[in-house]
Amino acid sequence: MEEFEACGLRYSVKYPEGFDENEKYPVILFLHGAGTISNDIKVLQGNQFFKYLEKLNIRAVAYAPQCNKGTVWYDNMERLEHFVKNVILKAPFLDEKHVCLIGNSMGGYASWQLAMSLNETFSAVVPICGGGMYWYAYRLAKTPVWAFHGEDDHTVFCEESRKMVNAVNKNGGNA
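Residues numbered from 1 in each chain as written. Predicted model: local features only at pLDDT ≥ 70, side-chain atom pairs only at ≥ 80, totals over all residues. Heavy atoms only, no water.

1. Structural notes on the overall build of the protein
What the protein contains, in helices and strands, is five helices and six strands. Going from N to C terminus, the protein has its helices and strands arranged as β-β-β-α-α-β-α-β-α-β-α. In terms of C-alpha radius of gyration, the protein reaches 15 Å, essentially the compact-globule figure of 16 Å for 175 residues. Expressed along its principal axes, the backbone C-alpha trace of the protein runs to roughly 40 × 35 × 30 Å. (Helix = DSSP H or I, 4+ residues; strand = E, 2+ residues; numbered from the N terminus. Rg over C-alpha atoms; globule rule 2.2 N^0.38 Å.)

Here it is in structure tokens:
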């Protein structure tokens, strides 16, 4: 895994085994939850997300920016937008038809928001245990959404995800 900094964000990039920069790859943008907020990039690199990528042998390039201690994703939304436009979308190996956004908990909220803000960018969004401004969910009518939420989550109530999914579907989307 490699470490970089751009647009005011530190981030890690995980390349698939046998990566060839002359080939096209799907890209995953992963936004972590509050438990991974840190000024130490190793904390982010220890996130379960990366273990699942390896276990499932996902043939994609995964970008994971880190939220610094003392901030949350909403403080960094403008930086995230610049990051997507100036780092991810300019990667020479990017398969532009396969840019997926995944986030859990705090990152789930940020995934909903970022997907609505850059609604022509992502080929799919996978918010996990998040919620958002459901009154803007019409912006996701053309973006497939696969939302997950545990009924027993007492930190972020399941109703938050339900509101978003229902609002996307009510507006002609596929969530």
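Once the structure has been displayed, the description carries forward.
2. Section: the pairing of strand 6 (residues 124–128)
For strand 5 (residues 94–104) and strand 6, the ladder comprises five bridges, and the chain directions are parallel. The residue bridging cysteine 100 from the neighbouring strand is alanine 124, located in strand 6. Tracing the backbone out of strand 5, into helix 4 (residues 106–117) and back to the parallel element strand 6 gives a crossover that is right-handed. (Pairing = 2+ DSSP bridges. Right-handed = clockwise from strand over helix to strand, strands pointing away.)

3. What about the packing of aromatic side chains?
What the rule picks out here adds up to 13 aromatic pairs. Aromatic pair tyrosine 11 and tyrosine 63: ring centres 6.1 Å apart, planes at 35°, arrangement tilted. Pair noted here: tyrosine 11 is in strand 2 (residues 9–14) and tyrosine 63 is in strand 4 (residues 61–66), with a separation of 52 residues, a long-range link. Overall, tyrosine 63 belongs to the buried group, its relative accessible area being 5%. Here tyrosine 15 and phenylalanine 93 contribute two aromatic rings whose centre-to-centre distance is 6.2 Å and whose plane-to-plane angle is 75°, an arrangement assigned as edge-to-face. Taken together, the positions of tyrosine 15 in the loop between strand 2 and strand 3 (25–31) and phenylalanine 93 in the loop between helix 3 (77–88) and strand 5 put the pair 78 residues apart, joining distant regions of the chain. (Phe/Tyr/Trp six-rings, centres within 6.5 Å; stacked < 30°, edge-to-face > 60°. Buried < 20%, exposed > 50% of the residue type's maximum accessible area, 1.4 Å probe, protein only.)

4. Regarding the pattern of salt bridges
This model, assessed by the stated rule, comprises four salt bridges. Here glutamate 54 makes a salt bridge to lysine 14, at a shortest N to O gap of 3.4 Å. Taken together, the positions of glutamate 54 in helix 2 (residues 48–55) and lysine 14 in strand 2 put the pair 40 residues apart, joining distant regions of the chain. Taking the shortest distance from any N to any O, the salt bridge between glutamate 159 and arginine 162 comes out at 3.6 Å. Here glutamate 159 and its partner arginine 162 are both found in helix 5 (residues 158–170), three residues apart, which amounts to about one turn of the helix. Through salt bridges with shared partners, one network takes in Glu151, Glu159 and Arg162. (Salt bridge = Lys/Arg side-chain N within 4 Å of Asp/Glu carboxyl O.)

5. Describing the confidence of the model for the protein
A residue-level look at the protein finds 100% of positions with pLDDT of 70 or above and a mean pLDDT of 91. Across the protein, the element-wise mean pLDDT spans from 87 in helix 2 up to 96 in strand 3. (pLDDT = per-residue confidence, 0-100.)

6. Considering helix 2
Every buried residue of helix 2 is listed here: Phe49, Phe50 and Leu53. Around the axis of helix 2, the buried residues are gathered within 95° of arc, so they sit on the same side. Facing away from the buried side of helix 2, by more than 90 degrees, are the exposed residues Glu54 and Lys55. The secondary structure elements touched by the buried residues of helix 2 are strand 2, strand 3, helix 1 (41–45), strand 4 and strand 5. Between the side-chain oxygen of the N-cap and the backbone nitrogen of phenylalanine 49 there are 2.9 Å, and the N-cap of helix 2 in question is asparagine 47. Among the residues trailing helix 2, asparagine 57 stands out with phi positive, at a value near 50°. (Arc of directions from axis to C-beta. Contact = heavy atoms within 4.5 Å. Polar contact = N/O pair within 3.5 Å; in protein donor to acceptor, adjacent residues only side chain to side chain.)

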